[in-house]
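Understanding the architecture of this molecule
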Amino acid sequence: MADSYTELERAVVVLVENFYKYVSKHSLVKNKISKSSFRKMLQKELNHMLTDTGNRKAADKLIQNLDANHDGRISFDEYWTLIGGITSPIANLIRQQEQQSSS
């Protein structure tokens, strides 16, 4: 990674690296996260931003909702949908805080 990356560029790199950290190196299906690896990712990486990350049923429901092509695995595009779903409420909260502080 280049030292000259901006803060935003570094954040994007971290998101991409996080996806590939959970992609199975031994899977016949390349560049996708299995259900079990996705559950691990939720518990280890998103336990402060998502509720019930340790709940298998909740995790499986999230996987089902994200899995647009219904193959039982999470592709990068499907993972990115999760990231967008998490960041949108954060953006709204920041906007509300800014509006309150400027009032």
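Our structure's up above, just so we're on the same page.
Predicted model only: the values in this text are computed from it and were never measured.

A word on the packing of helix α2 (residues 35–45) against helix α3 (residues 56–66)
Direction vectors running N to C along α2 and α3 enclose 115°, while the axes themselves pass 10 Å from each other. Between α2 and α3, the crossing angle belongs to the class labelled roughly perpendicular. Both α2 and α3 take part in a crossing whose hand is right-handed. Residue-level contacts link Lys35, Phe38, Arg39 and Leu42 of α2 to Arg56, Ala59, Asp60, Leu62, Ile63 and Leu66 of α3. Looking at side-chain class alone, the contact of α2 with α3 contains six nonpolar, no polar and four charged residues.

Here's the deal with the packing of helix α1 (residues 7–21) against helix α4 (residues 76–102)
Running from amino to carboxyl end, α1 crosses α4 at an angle of 125°, the nearest separation of the two axes being 11 Å. In terms of orientation, α1 lies oblique with respect to α4. Crossing of α1 over α4 shows right-handed handedness. Of the residues in α4, those in contact with Leu15, Val16, Asn18 and Phe19 of α1 are Phe76, Tyr79, Trp80 and Ile83.

Let's talk about the layout of surface pockets
Estimates place the volume of the largest pocket at around 310 Å³. Considering the residues around the largest pocket, the lining is formed by 16 residues, among which Ala11, Leu15, Tyr79, Ile83 and Thr87 are closest to the centre. Residue assignment for the lining of the largest pocket shows that the elements contributing at least two residues are α1, α2 and α4.

About the thresholds
- Residues numbered from 1 in each chain as written.
- Predicted model: local features only at pLDDT ≥ 70, side-chain atom pairs only at ≥ 80, totals over all residues.
- Heavy atoms only, no water.
- Axes fitted to C-alpha atoms, helices over the stretch in contact; angles between N-to-C directions.
- Helix = DSSP H or I, 4+ residues; strand = E, 2+ residues; numbered from the N terminus.
- Parallel < 35°, antiparallel > 145°, perpendicular 65-115°, else oblique.
- Left-handed = near helix turned anticlockwise from the far one by under 90°.
- Contact = heavy atoms within 4.5 Å.
- Nonpolar A, V, L, I, M, F, W, Y, C, P; charged D, E, K, R; others polar.
- 1 Å grid on protein atoms, 1.4 Å probe; cavity = no way out; pocket = protein on both sides within 12 Å on 5 of 7 lines; lining within 4 Å.
- Points joined across faces, edges and corners; volume = space filled by probe spheres on them.

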